[in-house]
Amino acid sequence: MANIKSQLKRIKTNQKATDRNKAYKSELKTYIRQTNAAIATGDKEKAVAALSLASKKLDKAVSKGVIHKNQAANRKSAIAKKVSAL
């Protein structure tokens, strides 16, 4: 454990950021899972709506610095490809 006051504060802020990012990533996975579920059922309208929401959330995560822009692009591309195949 650190003795330096500024390092103790850094540990606390890093933990807060880690918890926030973990929650955001979990939310992203949920939206992608919902999109995949809509694709599995074969419901085109529901899949398109879920894709739109998932894409929006992925873009928001990039702007917040939770994930890298290329990772978001890859995830969006993968689910968009599945939806367009319906």
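Preceding block: the structure.
For every chain, the first residue of the written sequence is number 1, and numbering continues from 1 onward in sequence order. Totals for whole chains, interfaces and linings use every residue, but because this is a predicted model, local features are given only for residues with pLDDT of at least 70 and side-chain atom pairs only at 80 or more, for both listing and counting. The side-chain values count all of the structure's non-hydrogen atoms but skip hydrogen atoms and water molecules.

K.L.:
Run through a nonpolar patch on the surface, naming residues and quoting values.
P.N.:
Side chains of M1, L8 and I11 sit close together on the surface and give an oily, nonpolar patch of about 320 Å² of accessible area. Put simply, DSSP marks the helices as runs of H or I at least four residues long and the strands as runs of E at least two long, and each gets a number from the N terminus on. Looking at the secondary structure, you find L8 in helix α1 (residues 5–41). Throughout, exposure labels follow a simple rule: accessible area from a 1.4 Å probe, protein chains only, divided by the maximum for the residue type, with under 20% read as buried, over 50% as exposed, and the rest as partly exposed. Overall, the relative accessible area of 31% leaves L8 in the partly exposed class. Residues qualify for a patch when their relative accessible area is over 30% and they have no salt bridge, like charges being joined within 9 Å and the nonpolar side chains of Val, Leu, Ile, Met, Phe, Trp and Tyr within 5 Å. Accessibility throughout is a Shrake-Rupley quantity obtained with a 1.4 Å probe, and a residue counts as covered only by protein chains that appear here. Between Lys or Arg on one side and Asp or Glu on the other, a salt bridge is scored when a side-chain nitrogen of the former is within 4 Å of a carboxyl oxygen of the latter.

K.L.:
Help me get a handle on the environment of K69, residues and values and all.
P.N.:
Looking at the secondary structure, you find K69 in helix α3 (residues 69–84). Under the relative-accessibility criterion, K69 is labelled exposed at 57%. Along the primary structure K69 and S55 are separated by 14 residues, whereas in three dimensions their C-alpha atoms are 12 Å apart.

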